[in-house]
Amino acid sequence: MILQLKKDTQLVEIDAGELIGYKVDGHQYIHQKGRPGWRNADTEMFPIIGPTALANFQVNTPRGIAYQDQHGLLREMPYELVAHTKTTATYKKEYKAQDIITNAKYPEKSTQQELYWTYDFQFEKKFSLSENRLTVSFTITGENGMPFMLGYHPAFNLTTTNAMVEANGKSIPLKAVLDVGSRALQIGNCNELVLKDKNELRIKAEGFENFMLWTEVSNMICIEPITFYPYSVEQQNLDSGFQFLDAKEKVFKLHMFVNT
């Protein structure tokens, strides 16, 4: 069932926890599934970001080896709708340490059939509409000292050929992102940027501190807030990018502001 949130001229559509639409004054900002570029509209990267095949899908944790495919196992788990109002919706996923998760990429795109993590956690995703703004927040609850990375992977619709991203005082044309390819273009030490297309969308992150940009087509771009850029290390050393949960929970947010 597709859930809709509405406020003024804003319309959000969510399908089982996936943001499949954000319209303001009739303009669609989210990449539509089925169009060229990517089969999804958004997803999360947790508890790791980046590829793992060259490390035999093994990631070091303080509790031993965990088996993870690219961008972690969270995306293999279904969301449960917890609550919703006219302008908010909250979803969650829960995981028990060492539980086996079947890898959907196996066998066509991966040789690793089973995935698992070494800690319990609960992951909450909340959508909130306010005036000229959509906020997507993530609350991680788990054991003290749990290592993790978090990345949010939304895809945005592009309607012009001269779209660009402005960040850290620089303009980044779409071609620069296309030229980097599958690795994704890093924007370090950045928590706010602007996507300039037919309309402008200002994107502000809380807790992430970095972005990376990815696309392989001209009709969409993924603008991904991340806690760690995974291509800065060898895959065997991916654990060097971990944060550690030092409280009962940690909250991250992404705000999308529309200039009307």
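Anyway, here's the lowdown on the structure attached to this text. None of these values were measured; they are calculated from a predicted model.

### Focus: the overall build of the chain
Then, in step 1: Across its full length, the chain holds one helix and 25 strands.
Then, in step 2: Projected onto its principal axes, the C-alpha positions of the chain cover 50 × 40 × 35 Å.
Then, in step 3: The 260 residues of the chain split such that 52% are buried.
Then, in step 4: Taking the contacts inside the chain whose residues are at least 6 apart along the sequence as the reference set, 64% of them involve residues at least 24 apart.
Then, in step 5: Split by element, the accessible area of the chain, about 11800 Å² in all, is 45% carbon and sulfur.
Then, in step 6: Charge separation in the chain, taken as the distance between the mean sites of 27 positive and 31 negative side-chain charges, equals 4 Å.

### Comments concerning the sheet that holds strand β4 (residues 27–28)
The strands making up a sheet associate through backbone hydrogen bonding, with each pair oriented either parallel or antiparallel.
Then, in step 1: One open sheet accounts for four strands, arranged β1-β2-β3-β4; its pairing is antiparallel. Every interior strand has two partners, whereas the edge strands, β1 (2–7) and β4, have only one.
Then, in step 2: The sheet contact formed by β1 and strand β2 (residues 10–15) spans six bridges and is antiparallel. Counted as the bridge partner of Lys 6 is Leu 11 from β2.

### Focus on the side chain of His 255
Then, in step 1: Assignment of secondary structure puts His 255 in strand β25 (residues 249–258).
Then, in step 2: Under the relative-accessibility criterion, His 255 is labelled buried at 6%.
Then, in step 3: Apart from the residues lying within four places of it in its own chain, the contact partners of His 255 are Arg 133, Leu 134, Thr 135, Arg 202, Ile 203, Lys 204 and Glu 206.

### Regarding the sheet that holds strand β21 (residues 200–206)
Then, in step 1: On the basis of which strands lie adjacent, the open sheet formed by nine strands has the order β8-β9-β12-β13-β25-β21-β20-β17-β18 and antiparallel pairing. Each of the sheet's edge strands pairs with one partner strand only, and the pair in question is β8 (80–84) and β18 (170–173). Going across the sheet, the axis of each strand differs from the next one's by a mean of 20°, ignoring polarity.
Then, in step 2: In this structure, strand β12 (residues 121–130) lies alongside strand β13 (residues 133–142), joined through ten bridges in antiparallel fashion. Residue pairing for β13: Lys 126 is matched across the bridge by Ser 137.

### Points about empty space enclosed by the protein
Then, in step 1: Enumeration over the complete set of coordinates arrives at two cavities of 30 Å³ or more.
Then, in step 2: Space inside the largest cavity adds up to approximately 40 Å³.
Then, in step 3: Around the largest cavity, the lining residues are His 27, Tyr 29, Phe 156, Asn 157, Leu 195, Asp 197, Asn 199 and Leu 201.
Then, in step 4: Its boundaries defined by the atoms lining it, the second largest cavity holds a volume of some 30 Å³.
Then, in step 5: What lines the second largest cavity is Asp 69, Gln 70, Gly 72, Arg 75, Glu 76, Asn 103, Lys 105 and Leu 115.
Then, in step 6: Broken down by class, the residue content of the lining of the second largest cavity amounts to one nonpolar, three polar and four charged.

### Side note on the side chain of Gln 243
Then, in step 1: Mapped onto the fold, Gln 243 is located in strand β24 (residues 243–244).
Then, in step 2: In this structure the side chain of Gln 243 is engaged in a polar contact, spanning 3.0 Å, whose partner is the side chain of Lys 250.
Then, in step 3: The contacts of Gln 243, once residues within four sequence positions are left out, are Met 146, Pro 147, Phe 148, Gly 207, Thr 227, Lys 250 and Phe 252.

### Topic: the environment of Lys 33
Then, in step 1: Here Lys 33 lies in the loop between β4 and β5 (44–45).
Then, in step 2: In the structure, Lys 33 is positioned twelve residues away from Gly 21 in sequence and 9.7 Å away in space, judged by C-alpha atoms.
Then, in step 3: Residues in contact with Lys 33, not counting those within four places in the same chain, are Glu 18, Ile 20, Arg 39, Asn 40 and Ala 41.
Then, in step 4: One polar contact links Lys 33 to Glu 18, side chain to side chain, over a distance of 2.9 Å.

### With respect to the layout of surface pockets
Over the atoms, a rolling probe the size of a water molecule traces out where space has been left empty.
Then, in step 1: Of the voids in this model, the largest pocket is the one considered here, and its volume is about 870 Å³.
Then, in step 2: In terms of lining residues, the largest pocket is bounded by 36 residues, among which Trp 38, Arg 39, Asn 40, Thr 43 and Arg 75 are the most central.
Then, in step 3: Looking at the lining of the largest pocket residue by residue, the class counts come to 13 nonpolar, nine polar and 14 charged.

Each value, and the rule that gives it
- Residues numbered from 1 in each chain as written.
- Predicted model: local features only at pLDDT ≥ 70, side-chain atom pairs only at ≥ 80, totals over all residues.
- Heavy atoms only, no water.
- Helix = DSSP H or I, 4+ residues; strand = E, 2+ residues; numbered from the N terminus.
- Buried < 20%, exposed > 50% of the residue type's maximum accessible area, 1.4 Å probe, protein only.
- Contact = heavy atoms within 4.5 Å.
- Areas by Shrake-Rupley, 256 points an atom, 1.4 Å probe, with all protein chains shown as cover.
- Lys, Arg positive; Asp, Glu negative; His and termini not counted.
- Charge placed at Lys NZ, Arg CZ, Asp CG, Glu CD.
- Pairing = 2+ DSSP bridges.
- Axes fitted to C-alpha atoms, helices over the stretch in contact; angles between N-to-C directions.
- 1 Å grid on protein atoms, 1.4 Å probe; cavity = no way out; pocket = protein on both sides within 12 Å on 5 of 7 lines; lining within 4 Å.
- Points joined across faces, edges and corners; volume = space filled by probe spheres on them.
- Nonpolar A, V, L, I, M, F, W, Y, C, P; charged D, E, K, R; others polar.
- Polar contact = N/O pair within 3.5 Å; in protein donor to acceptor, adjacent residues only side chain to side chain.

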